[in-house]
Amino acid sequence: MPPCKPNPGTFPVVGFYIERGLGSRAWGSVFAVLLIFTYAFTFQLIQANTLAGLAKANFGMPTYATGLLLVAITAPFFIAGIRSVARIAEYLAPLMAVIYMTLAVIVIIENIGQLGTVFDMIIQGAFGVNSVAGGTLGGLFAALMNGTKRGLYSNEAGMGSAPNAAATATVSHPVKQGMIQSLGVFVDTILVCSATAFIVLLGGVYDPNAAEQPSDGAALTVDSLAALGPWTKPIILIVIFMFVYSTLLGNFSYSEGNIKYLLGIENNAWIVKAISIIAVFLGSVLSLEMVWNLGDWTAALLAIMNLVACTLLFKWAVGALKDYQHQLQTKTEDEIQFCSSDNEFLPGELPTDVWTKEAIAQGRNISSDPASWEHGD
């Protein structure tokens, strides 16, 4: 028998694992609708609002003007599906991350003597130490709630969004891609978010004892970096612009895949295109509080549904991990191959043609036949 290989789908979406894993097309569809609303609308609002706020604070640019500019540079991708633009953004995002981390390191080096104080502030702020010591638990719960909401938004762990991109990877074993996804959470949260914390706490702009705290975190970060010199402001604004732009494109891609899951591969996704364009403009002119409240609610609903499905299907993930660990004892990384057929570590046969011996033997490939997944085959 030939070795098993993955058959990546053309538009992989999380609805598939809910439909096939739990045997419910209805719940897979509900999840797809939630994801479309979250990523085509509310998360687009947040990204556009962030950039519009920065443009207004630093250049006096009206928010509606920023909205029109964003529509002009994103609508061609939304409408025509210009994949080359997405590929450019894919390469630019890591480059921007490296530049951002470099600036953070410079800030830390210049203020190395204050690191002890900063760590103390982080620990007290994270666990509400002062509030608890004062006899109240409100500070602790507030810290946990805000930390959870912003942490969820920063890395999207548990929301079921990243698997839409991860499922396009061609790997010899699904556990390998799972480990890559775990590394992504580490990079987003521990490295990038911590870098932002150090920039803000060492920049000399943020005052933890102030009665009113700034609500716009992006503007606070830009102002804090300005302590290094005026040359940093245009750089960080470009970095944030590229982050926002690439995220807008990525959010649309997730939504596009899910609408095609619902309506079929041939659907032109005009609903998602219209929603995304409207959201990009609205996000620029709506208030910061409104867009974040909407984003928090939709993210929570999406995460709850996805985590329930993950819990119910947890035994399959454990089985795949055991299979990987078992093969690792006798094979090299290059020799490890996942196969769902007659796999002693899995709780049963996977209800799909992916990863099976038969699929390879018969030359069937889901990625070359989009109609096969359109009808849930």
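As the structure is a computational prediction, the values presented were derived from the model and not from experiment.

**Notes on the pattern of salt bridges**
Move 1: Scanning the model with the defined rule gives 3 salt bridges in all.
Move 2: For the salt bridge of glutamate 333 with lysine 176, the shortest nitrogen-to-oxygen distance reads 3.6 Å. A residue pair is termed long-range when its members are at least 10 positions apart, and glutamate 333 in the loop between helix H14 (314-328) and helix H15 (357-361) and lysine 176 in helix H9 (residues 174-202) qualify at 157 residues.
Move 3: Judged by relative accessible area, which is 36%, glutamate 333 ranks as partly exposed.

**Some words on the UniProt feature "transmembrane region" (unreviewed entry) in the protein**
Move 1: Sites flagged by UniProt as "transmembrane region" (unreviewed entry) map to residues 26-47, 59-79, 91-109, 121-144, 183-206, 231-249, 270-291 and 297-318.
Move 2: Helix makes up 100% of residues 26-47 and strand 0%, whereas the separation of the span's terminal C-alpha atoms amounts to 30 Å.
Move 3: Across residues 91-109, helical content stands at 100% and strand content at 0%; the span's end C-alpha atoms are separated by 28 Å.

**Observations concerning the environment of isoleucine 106**
Move 1: On the secondary structure map, isoleucine 106 appears in helix H4 (residues 83-110).
Move 2: In this structure, the C-alpha to C-alpha distance between isoleucine 106 and isoleucine 199, residues 93 residues apart in sequence, is 9.4 Å.

**Focus on the packing of aromatic side chains**
Move 1: Tallying each qualifying case throughout the model produces 8 aromatic pairs.
Move 2: Considering the side-chain rings of phenylalanine 77 and phenylalanine 252, the 5.3 Å spacing of their centres and the 75 degrees angle between planes classify their relative orientation as edge-to-face. Here the residue phenylalanine 77 occupies a position in helix H3 (residues 63-80), and phenylalanine 252 occupies one in helix H11 (residues 232-263), the gap between them amounting to 175 residues.
Move 3: With a relative accessible area of 1%, phenylalanine 77 lands in the buried category.
Move 4: The structure contains a cluster of three or more aromatic residues connected by ring pairs, namely Tyr39, Phe43 and Tyr254.
Move 5: Over the aromatic face of tyrosine 261 sits the side chain of arginine 25, whose NZ or CZ is 4.3 Å from the ring centroid.

What counts, and at which threshold
Residues numbered from 1 in each chain as written. Predicted model: local features only at pLDDT ≥ 70, side-chain atom pairs only at ≥ 80, totals over all residues. Heavy atoms only, no water. Salt bridge = Lys/Arg side-chain N within 4 Å of Asp/Glu carboxyl O. Helix = DSSP H or I, 4+ residues; strand = E, 2+ residues; numbered from the N terminus. Buried < 20%, exposed > 50% of the residue type's maximum accessible area, 1.4 Å probe, protein only. UniProt positions renumbered as here; feature names shortened; annotations may be inferred. Phe/Tyr/Trp six-rings, centres within 6.5 Å; stacked < 30°, edge-to-face > 60°. Lys NZ or Arg CZ within 6 Å of the ring centre and 35° of its normal.

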